[in-house]
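Listed below are the residues making up each chain.
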Amino acid sequence: MFDYKSAFERSIEQVRVEGRYRVFADLKRVRGRFPRAVRRREDGTEQDVVVWCSNDYLGMGQHPVVTEAMQAEIEAAGAGAGGTRNISGTTRSAVDLEAELADWHQKEAALLFTSGYVANEATLATLQKILPGLIIFSDALNHASMIAGIRHGGCERHVFRHNDLEHLEGLLAAAPAGAPKLIAFESVYSMDGDIADLKGTIALAHKYGAMTYLDEVHAVGLYGPRGAGVAERDGVLDQIDIIECTLGKAIGVMGGYIAADAVIVDAIRSWASGFIFTTSLPPALTAGALASVRHLKAHPELRDRHQERARTLKARFAAAGIPVMPSESHIVPVFVGDPVHAKMISDMLLDEHGIYVQPINYPTVPKGTERLRFTPSPDHDDGMMDELVRAMDKLWTHCNVARRPAAA
Ligand SMILES: *Cc1c(COP(=O)(O)O)cnc(C)c1O
């Protein structure tokens, strides 16, 4: 008979051999102390750590405005939503949140999903049902959830080289003029920290009659005067057809959504299996996200401080000869180049210095470009940066990893 157990064991062994077996850090977040947390080691003992790789970019996951709104909503409405959107699960705070999100992105409507992953997967697959013959043009570095949605629908698809508008134009020009087309891309690419050329992409979309689908997961809350993302910063909110985001990163809670014209949202709402056949988000969660979005809209100084922290960390790494990769955004990636050293440095930072940064390995990034990815928040103070730079400097020497001459 088939030996199931050894098949599972072999699959894990393969991951181990490639040096990318994942070990999760067990963290107790402590409200009011972000970015500090308490790690539980494998032997059960505890260690205070500073988290340097959280996607809670602004610490909103612990902001009193958010936690108080969630507590109040639990008191008022209880735990769960009690059903799918269609069958009793359309709660008041979900409806209010969708209106708030639509306003944020200056769109007619918004639609919630249980996560950003589901929003991408469900929307991109469903667009192919609504638009038979759709051809999707997808940036080579798009997130796994976008790729999953694009593949799921089975339509014709073309992958263009990352942020390469000449390549994209060549592919668009080669497609039949009258066919429905969609360009799927992200604004901030979170592993390299670069930002797409929104205006250039929109110009191509207009020229070739394509729709645009923009993932602003790593930009929402962080860019633009009201924090609606790079499309707001660049003044092109009205020219992106569908904007997709998460409630789980800068907004600090959980969930995902799209914002678009009412007719698009109505069609996705009516056809997307991943929206229809699942229990809606708990009311406390949507109430927390609502409070967070309202706060983010009104507090640009959080974004200024966030950008300043990222600039400062990049400059300090560069001055110490640490190979910080070029990044136009709040992401601070440091090049290591192999999974063994990336893991070794990350383990030593954690065990010896109480600094937690997860190594980023294949398949999240290409092999040979393994890195550490730092995400300083407004709450990472100068003292924490001093400790981080000192520890990195020491480990870079200790592990004999390539340095880069100090930048001017
Ligand atoms: C994290 C992420 C998502 C998924 O969002 P979740 O809400 O975490 O499921 C989608 N797109 C990109 C680019 C992401 O980094």
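Residues numbered from 1 in each chain as written. Predicted model: local features only at pLDDT ≥ 70, side-chain atom pairs only at ≥ 80, totals over all residues. Heavy atoms only, no water.

### Focus: the overall build of the chain
Now for step 1: In terms of helices and strands, the chain carries 14 helices and 14 strands.
Now for step 2: Here the C-alpha atoms of the chain give a radius of gyration of 22 Å, agreeing with the 22 Å that 2.2 N^0.38 yields for 408 residues.
Now for step 3: Based on the C-alpha atoms only, the size of the chain along its principal axes is roughly 65 × 60 × 55 Å.
Now for step 4: Counting every position in the chain, which comprises 408 residues, the buried fraction comes to 52%.
Now for step 5: Summarising the internal contacts of the chain: among those between residues at least 6 apart in sequence, 71% fall at separations of at least 24.
Now for step 6: With an accessible surface of roughly 18,200 Å², the chain has 55% of that area assigned to carbon and sulfur atoms. (Helix = DSSP H or I, 4+ residues; strand = E, 2+ residues; numbered from the N terminus. Rg over C-alpha atoms; globule rule 2.2 N^0.38 Å. Buried < 20%, exposed > 50% of the residue type's maximum accessible area, 1.4 Å probe, protein only. Contact = heavy atoms within 4.5 Å. Areas by Shrake-Rupley, 256 points an atom, 1.4 Å probe, with all protein chains shown as cover.)

### Remarks on the UniProt feature "domain: Aminotransferase class I/classII large" (unreviewed entry) in the chain
Now for step 1: In the numbering used here, UniProt assigns the feature "domain: Aminotransferase class I/classII large" (unreviewed entry) to residues 48-391.
Now for step 2: For the annotated span residues 48-391, helix accounts for 44% and strand for 15% of the residues, and the straight-line distance between the end C-alpha atoms is 16 Å. (UniProt positions renumbered as here; feature names shortened; annotations may be inferred.)

### Quick word on helix α12 (residues 300-319)
Now for step 1: Taking 1.5 Å per residue as the helical rise, α12 with its 20 residues ought to reach 28 Å, and the 29 Å between its terminal C-alpha atoms agrees with that figure.
Now for step 2: Where α12 is concerned, the buried positions are Leu302, Arg303, His306, Gln307, Arg309, Ala310, Leu313, Lys314, Phe317 and Ala318. All buried residues of α12 lie within an arc of 160 degrees about the axis, which places them on one face of the element. Opposite the packed face of α12, turned more than 90 degrees from it, sit the exposed residues Asp304, Arg311 and Ala319.
Now for step 3: Those residues of α12 hidden inside the fold are in contact with α11 (283-298), β11 (332-335), β14 (371-374) and α14 (382-398).
Now for step 4: Gly321 occupies a position one or two residues after α12 and carries a positive phi of about 75 degrees. (Expected span 1.5 Å × (residues − 1). Arc of directions from axis to C-beta.)

### So, the environment of Ala259
Now for step 1: One can find Ala259 in strand β10 (residues 256-260).
Now for step 2: Taking the relative accessible area as the measure of exposure, Ala259 reaches 0% and is therefore buried.
Now for step 3: Along the primary structure Ala259 and Asp103 are separated by 156 residues, whereas in three dimensions their C-alpha atoms are 9.2 Å apart.
Now for step 4: With sequence-adjacent residues up to four places away left out, Ala259 is seen in contact with His105, Lys107, Ala109, Ala110, Asp241, Ile242 and Ile243.

### Some points on the sheet that holds β11
Now for step 1: Ordered by their spatial adjacency, three strands build an open sheet running β11-β14-β13, and the pairing between neighbours is antiparallel. Taken across any chain shown, the strands that pair with only one partner, and hence form the sheet edges, are β11 and β13 (359-360).
Now for step 2: With four bridges joining them, β11 and β14 adopt antiparallel strand pairing. Bridge assignment links Val332 to a residue of β14, and that residue is Phe374. (Pairing = 2+ DSSP bridges.)

### Observations concerning the pattern of salt bridges
Note that side chains of opposite charge can pair when their charged atoms are close.
Now for step 1: For the structure shown, the criterion picks out 20 salt bridges.
Now for step 2: Linking Arg39 and Asp351 is a salt bridge whose minimum nitrogen-to-oxygen distance equals 3.1 Å. Placement of the pair is Arg39 in strand β2 (residues 36-40) and Asp351 in helix α13 (residues 339-353), with a sequence separation of 312 residues.
Now for step 3: Residue classification places Arg39 among the buried positions, given a relative accessible area of 13%.
Now for step 4: Here Arg371 and Asp192 are joined by a salt bridge, their closest N and O atoms 2.8 Å apart. With Arg371 in strand β14 and Asp192 in the loop between β7 (181-186) and α7 (198-208), the pair connects residues that are 179 residues apart, well separated along the chain.
Now for step 5: Taking the relative accessible area as the measure of exposure, Arg371 reaches 3% and is therefore buried. (Salt bridge = Lys/Arg side-chain N within 4 Å of Asp/Glu carboxyl O.)

### A word on the state of the cysteines
Now for step 1: Under the defined criterion, the tally for this structure stands at zero disulfides.
Now for step 2: Free cysteine: Cys399, not disulfide-bonded; nearest cysteine sulfur from Cys53 at 18 Å. (Disulfide = S-S within 2.5 Å.)

### As for the site of the ligand
Now for step 1: Taken together, 13 residues form the shell around the ligand, and within it Gly116, Asp215, His218, Thr246 and Lys249 come nearest.
Now for step 2: The backbone of Gly116 places a nitrogen or oxygen atom 2.7 Å from an oxygen atom of the ligand.
Now for step 3: Asp215 has a polar side-chain atom sitting 2.7 Å from a nitrogen atom of the ligand.
Now for step 4: For the ligand, whose unbound accessible area comes to 380 Å², protein coverage reaches 82%.
Now for step 5: Ranked by residue count, the leading element in the shell around the ligand is helix α4 (residues 116-130), at three residues.
Now for step 6: Broken down by class, the residue content of the shell around the ligand amounts to two nonpolar, eight polar and three charged. (Near = heavy atom within 4 Å. Polar contact = N/O pair within 3.5 Å; in protein donor to acceptor, adjacent residues only side chain to side chain. Nonpolar A, V, L, I, M, F, W, Y, C, P; charged D, E, K, R; others polar.)

### Looking at the sheet that holds strand β6 (residues 156-160)
Now for step 1: Reading across the sheet, the seven strands line up as β4-β10-β9-β8-β7-β5-β6 and stay open at both edges, with mixed pairing between neighbours. One side of each edge strand has no neighbouring strand; the edge strands of this open sheet are β4 (109-113) and β6. Neighbour-to-neighbour, the strand axes of the sheet open up by a mean angle of 20 degrees, direction not taken into account.
Now for step 2: Examined bridge by bridge, strand β5 (residues 135-139) and β7 share four bridges and lie parallel to one another. (Axes fitted to C-alpha atoms, helices over the stretch in contact; angles between N-to-C directions.)

### A short note on the side chain of Asp139
Now for step 1: Its location among the elements puts Asp139 in strand β5.
Now for step 2: Among buried Asp, Glu, Lys and Arg side chains, Asp139 stands out as unpaired, with Arg161 the closest opposite charge at 10 Å.
Now for step 3: A distance of 2.8 Å separates the side chain of Asp139 from the backbone nitrogen of Leu141, its partner in a polar contact.
Now for step 4: Setting aside residues up to four positions removed in sequence, Asp139 forms contacts with Val159, Phe160, Arg161, His162, Asn163, Ala184, Phe185 and Tyr189. (Lys, Arg positive; Asp, Glu negative; His and termini not counted.)

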